[in-house]
Structures are given as C-alpha cells and as structure tokens.
Amino acid sequence: MGRAHKFLVRVVRFCFFLQEGKQQQRGEASSLKNIQVSHPTSYMSSHFLTNHNYSVQPPSSSSPSKIISTTTKSIKSTTTPTNKRKHSYYYPTTIMASAKIGPTQSPLLANQPKDTINLAVGHPMHSELPNKIISDALKRCGSKLKHNQLDLNYIPSEGPTGAVEELCSFLRRQYKEEEKEEEMRVTGYQAKTEQNENDEKKMQSKAGTTTTTATTATKNVLQPEDIFFTSGVSHGIEMATSILAKPNDIVVCEKATYFLATKIFEDHDMEITTVKSNEFGLDVNALKIRLEEGDTFINPINSILENVGATPRKKRKVLFRPKLVYIVPTHSNPQGVTMPQKAREELVRLAHEYKFHIIADEVYHILSWSKEPLPDRFCKVERKYLAKNPEEANGDFRAVVSVSSFTKILAPALRVGWIETADSVMRGEFSKRGYIISGGNSAGFSANVVCEAIKQTETEAFMNDLKGSYASRCAVLCNKLEREGCGWEFEKPSGGYFVWIKLPEGVTSKSLEPYAQHLKVAYLAGERCSANDACKEDLERYIRLCFAHLSASEIQEGVSKLSEAVLRVMSFQDVESKRLGED
Ligand SMILES: Cc1ncc(COP(=O)(O)O)c(C=O)c1O
C-alpha cells in the first residue's frame, strides 16, 4: 500500500470517529431531556436533586449510562452486564479495571474498579500491618537457626516445642487469666470430687456394687495441653468439621453468619440450617425448643398426591439432632454482636445434653475495646460446666472447639492460628488426623516466627494500638452514619471489624447496588452473609460495612457516597410511585 493510500485511510477513520462522538453526545442529551420531562420530582427528591445535580433514573447493569450527571464533571459508566464476577464477594458486577494496589488496599482487591471505596472487604489496612515486628522476629529466628537453637525438623502434631507454652502464656495475658484463679478453682473442683467419691462409696456399700470413681480433674484456666496450632481459623474449622461431622449431618448457623465458613460446611456436604436469631446472635432458646420439639416432616410426595386429588400423608415430627453449631459469639461477623454469658452457658449445657459440638469462632475475642468485661470464651464456659458435672468430665465427650488466629491481631499472611479445647480429651482428636501424623503440625515454621514476635512487649503494644485505631475508625464510621442519617439503623460495636446496617424501608442491598457501583463505593450485601438460600430474603435489607480496611477519611467519603446512593434509590422510588399514581 502506498503512503498516500495509507494517509487517506487514516483521514477516513478519523472522520468516522468524530461522527461517532457527536452521535453519542446527542444521545446522552436527549435521554436526559426525556427523564426530566417524564418524571416530575417530589419536594424531597427535587431538593435532593438540585443539591446534587443528578437525574433520577436508576442506573442498571444492562443500561449503565442511565444515571447522568448534569454537572460539568460527567459520571462515567462503570457497569457492564457482560462482565464476569471476578471478586464476587466484595464487588458484584463491575468492570475490573487493572487498578494498582494503593497503600491501603488489600492485594485481593487489585482488580476492583479504580478509586473504589471498598467498605465491603474484611481485611486489615495495608499500612497497619506489623512489617517491622515480623521482620525483627524473622531476624531472631535466623540467628537462632545459625546457633542451632531452632529446629528445622518435623514439628510435633500440636505445634513447635516451646511455642505451645509461649502461646498459652500470651493468651493468658490477653484473656487476663491468672494462675491463682486456677489453683482456687481446681481445689474447689477436687473438694467437690472427693465429696462425690465419698457419697458414691456410701451408695455402693449400700447397694453392694463397685464402680470406677471420678479421676479427671478439670482446670479452669487455659493450659498448654488445651492448645493446638493451626494455619488459621479457616483451617481450624476445616479440621473440626472433618473430625466431627460426616456428609448429610446438620450444622446450625446464625442466619447472618461468616459467609466463608458456610462454604467449608458445604465442602463437607453438610446440611446447613438456621434457628431464629435475636439481638445477640443465635437465639439459644429457639434452638432449645427445636431440639425438644423436633421438626415437622412433610412428605415431599404430598404435592403429587394433592395434585391428583389423593389424601396427602400425615405430617409427622422428626427429631432435630444437629452435629455442629457454628457461631461467631464475640463481636460477630457480620452483626458485630456478642452472645451473653447465660446464653453461652445454656448452649454448652444443651450441647452436652444433645451431644452436638460447638465450633466457636472466637477470632474477634481479643480485638475488643468494650468497657464492660466480655463474657467467658466458650472453652472457659465448658471448663466450668465440667467442673460442676464431674460425671461428664470423666466421660469422653467434649462439646467445644474454639478456633482463633493471629489474622486479625497480627497479619493474615502468617497463617498461624490455634484451636482451644476445654482439656486434652478433645485436643487429642486433632493429633490423630492422618495428614498431621504424616506431616506434623501445619503452622510449621511460621508458628516459631509468631512466637518470637509475641514474646516481645512491643508486639502487645502494637496490638493495643491496633485496637485503639480500630475503635477510633469504628467511631468515625458510626458518627458519620449517624450524621448522614438517611433512615438506616445500626448498633455501634465495641470490637471486631464490622457494622451491620439495616437499610431504610423500601431500600434493599440489590436496589442500592447500581447506584453504589456508579458512585464507586462497595459494601457487602446482607444476602451474601446468609447461612443458606432459605434466609437470603430475610437479609436483603441489610449491608455490612468494615472499618478496619480503610482510613478515617476514606470511611467518611465512603459513607457520604453510600448515603447519596440510598437517597437516590429513595428519590427514584418516590418519583416512580408518583408516576404510577398519575398513570
Ligand atoms: C468470623 C471469621 N472467621 C474466620 C475468618 C478467617 O480467619 P483466618 O484468616 O484465620 O482463617 C474471618 C476473616 O474475616 C472471620 O471474620
């Protein structure tokens, strides 16, 4: 092709390009006109619109350009219906622009649209990760290796030698559990046991029989033999599930739960069910009633029988016997609520009566700035229960598996966590897993690094600062939510990562989505937190916001955008209902 020919082709292309641009501009202008003419606005919405210069048509993923800014800064379309959901948990249906990871962004969000304020993701803030603490701990581990003070051989099943004791002392400091308390309570327990033994001997001599007497002494304070290192909470749940449940067993979850835990139960082909929740999470009384009364079984053949006019089979009661109850009892995810002491005690009692296990995900127990003392951790509740019920203490059933980790108090990438059990009876089960016998403890060398870190007073100071920082950003989020006050409701948490918001009447997380996407603010939809499909509908008016991941100014900006999005939904509904009324 000659030079002149090439030049001509370029000129023609350029003309086409100019023509296309003009057509697009004309299209936008006319669609704006249509909207303004056909939807008169109410006082509230017109007030809102004048202040914000927006049209009222909702953007939809199929028609992304429907929201049109009348300001000189045009709002670019950010949605497309054809995009795959790459990070479906945190950002539903969006163009995944290859944004660079900002200083406060988690690497898992590298693909979210540029400049998005992500209040959905439950990750720590990049700049708050303990890089120096971990690098110092690694240096100390390196020096120990050099001097043969650290072993690179297989690690014992429950964790590196010495590290279990180190973790135990760290946790006792964090939980403020005193050795003195232990002595006192154990003596109390032994006295009780001796008393029981005497009573038992008297009864046996009367009846002329002999039975074995109580021998197990339950200690009331965390002991090294109650701890098992894991590769984090997720691994702890996976392990507990594979040990304690089989396919088709029932697991009870809160309706709104840590949604990624349910995936683990699904992996094990468990049946996930829920019981009613109250303002503190799982309603233990509702669970008790279901355990006592059972479920109503309706034969699935009935629908066919009814169709052909035959008499349906009678409804009958079936026993409700779950294998597991999974809860996040302290500063829960997503609701940020804490189960009270009495409910915990009742749940442990029920677990012993009906022989189910409680997986207590206590990952936020240490991350608390509550002025009130927290209720006991679940293992402590069970220790007290065993101390009062020696016959149970002598048996081999233990209800509680508590899972926690350094994910929230140090860093997720370390993959170091622990299982706490009331005593060594349950812990022994974890050592029996084939892959642990084969490969040794899974936390491996990382557990040594973390132990080097937690020996240092600066690490506990870091954790205290972190709590202070979360408490202040939690306050920023809650104050801003209050100030924006667009009709949403929420409780102010005193720990954890999240605020759980009930949207105003008529607004759902789904109706909010296109507006939020357009304004580039992300939240976690309540339905995403539902334990199963059956309770999705109950959660459609809820969203979860995280205050851990973003800075105070980002949080404020995010909430402004969110409240704007909520107002836009409300304005649109207002206009729509007027329009329908006029029709
Ligand atoms: C309730 C809950 N459990 C577990 C996890 C994950 O913990 P890990 O990183 O230790 O597996 C999270 C993280 O968000 C969580 O919120």
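Conventions used here
- Residues numbered from 1 in each chain as written.
- Predicted model: local features only at pLDDT ≥ 70, side-chain atom pairs only at ≥ 80, totals over all residues.
- Helix = DSSP H or I, 4+ residues; strand = E, 2+ residues; numbered from the N terminus.
- Buried ≥ 20, exposed ≤ 12 C-beta atoms within 10 Å, placed from the backbone.
- Contact = placed C-beta atoms within 7 Å.
- Core = buried A, V, L, I, M, F, W, Y, C linked by C-beta atoms within 7 Å.
- Domains from an automatic or database assignment.
- Pairing = 2+ DSSP bridges.
- Axes fitted to C-alpha atoms, helices over the stretch in contact; angles between N-to-C directions.
- Arc of directions from axis to C-beta.
- Parallel < 35°, antiparallel > 145°, perpendicular 65-115°, else oblique.
- Left-handed = near helix turned anticlockwise from the far one by under 90°.
- Nonpolar A, V, L, I, M, F, W, Y, C, P; charged D, E, K, R; others polar.
- pLDDT = per-residue confidence, 0-100.

**Student:** Let's hear about the overall build of the chain: which residues, and what values?
**Tutor:** A count of helical and extended segments in the chain gives 18 helices and 17 strands. Among the 583 residues that make up the chain, the fraction classed as buried is 41%. Restricting the contact set of the chain to residue pairs at least 6 apart, pairs at least 24 apart contribute 70%.

**Student:** Let's hear about the nonpolar core: which residues, and what values?
**Tutor:** In terms of nonpolar packing, the biggest core is built from 125 residues, with Ile358, Tyr523, Leu545 and Phe547 touching the most fellow members. Taken domain by domain, the makeup of this core includes at least three residues from each of domain 1 (39-127 + 462-582) and domain 2 (154-177 + 222-455). Apart from residues lying up to four places away in sequence, Leu545 is in contact with Leu119, Leu477, Phe498, Val499, Ile501 and Tyr523.

**Student:** So what about the environment of Pro130? Which residues, and what values?
**Tutor:** Tracing the sequence through the fold places Pro130 in the loop between strand E1 (117-118) and helix H3 (131-146). Residues Pro130 and Ala453, spaced 323 residues apart in sequence, show a C-alpha to C-alpha distance of 10.0 Å. Residue contacts for Pro130: discarding those within four places in its chain leaves Leu410, Ala411 and Phe462.

**Student:** Explain the sheet that holds strand E17 (residues 542-546) to me, and be specific about the residues and the numbers.
**Tutor:** Spatially, four strands are ordered E13-E14-E17-E16 in an open sheet, and the strand pairing comes out antiparallel. Strand pairing shows two members of the sheet lacking a second neighbour, strand E13 (489-490) and strand E16 (524-525), which therefore form its edges. With two bridges joining them, E13 and strand E14 (residues 498-502) adopt antiparallel strand pairing. Note that in E14 the partner of Glu489 across the bridge is Lys502.

**Student:** Which residues make up the sheet that holds strand E4 (residues 271-274), and what are the values?
**Tutor:** Strand order in the open sheet formed by seven strands is E2-E12-E11-E10-E9-E3-E4, and the pairing between neighbours is mixed. Single-partner strands in this sheet number two, and they are strand E2 (227-230) and E4. Taking the axes of each pair of neighbouring strands and ignoring which way they run, one obtains an average angle of 25° across the sheet. Pairing between strand E11 (residues 400-405) and strand E12 (residues 417-420): four bridges, direction antiparallel. Note that in E12 the partner of Ser405 across the bridge is Gly417.

**Student:** Give me helix H7 (residues 259-267): which residues, what numbers.
**Tutor:** Every buried residue belonging to H7 is among Ala261, Ile264 and Phe265, and all of these are buried. Summarising the axial view, the buried residues of H7 lie within an arc of 100°, below the 170-degree limit, and thus occupy one face. Facing away from the buried surface of H7 by more than 90 degrees, the exposed residues are Lys263 and Asp267. At its buried positions, H7 is contacted by helix H6 (233-244), strand E3 (250-253), E4, strand E9 (324-327) and strand E10 (357-361). Asp269 sits one or two positions beyond H7 and adopts a positive phi of about 55°.

**Student:** Now, about the packing of helix H8 (residues 284-293) against helix H10 (residues 341-354): what can you tell me, with residues and values included?
**Tutor:** Axis separation between H8 and H10 bottoms out at 10 Å; the angle between their running directions is 20°. With respect to their mutual orientation, H8 and H10 come out roughly parallel. As for the relative orientation of H8 and H10, their crossing is left-handed in sense. On H10, the residues touching Val284, Leu287, Lys288 and Leu291 of H8 are Ala343, Glu346, Leu347, Leu350 and Tyr354. When its residues are assigned to classes, the contact of H8 with H10 shows seven nonpolar, no polar and two charged.

**Student:** For the confidence of the model for the chain, give the residues involved together with the corresponding values.
**Tutor:** Per-chain confidence: the chain averages 80 in pLDDT, with 74% of residues scoring 70 or above. In the model, residues 14-103 has pLDDT below 50 throughout and makes 120 contacts with residues more than four positions away in sequence or in other chains. A low-confidence stretch, residues 182-197 (pLDDT under 50), is modelled with 19 contacts involving residues beyond four sequence positions or located in other chains.

**Student:** Pulling in residues and values, what's your account of the pairing of E11?
**Tutor:** Summarising burial for E11: six of the six residues are buried, a large majority. Burial of the side chains of E11 extends over both faces: Val400, Ser402 and Ser404 are buried on one face and Val401, Val403 and Ser405 on the other. Across four bridges, the pairing between E10 and E11 is parallel. Considered in E11, the bridge of Asp361 is made with Val403.

**Student:** Can you break down unusual backbone geometry residue by residue, with the values?
**Tutor:** The bulk of non-glycine residues show a negative phi, and the bulk of peptide bonds are trans. Following Asn333, the chain continues into Pro334 via a peptide bond in cis, with omega recorded as 15°. In this structure, Pro334 sits in the loop between E9 and H10. The phi dihedral of Lys176 falls on the positive side, at around 55°, and the residue is not glycine. Accessibility expressed as a C-beta count within 10 Å gives 8 for Lys176, which makes it exposed. If you check the backbone angles, Lys520 has positive phi at about 60° while not being a glycine.

**Student:** Describe helix H17 (residues 509-519), naming the residues involved and giving the relevant values.
**Tutor:** For H17, the tally of buried residues reaches ten of eleven residues, placing the bulk of the element in the interior. Listing the buried residues of H17 in full gives Ser509, Ser511, Leu512, Glu513, Pro514, Tyr515, Ala516, Gln517, His518 and Leu519. After H17 finishes, the residue Lys520 shows a positive phi value of roughly 60°.

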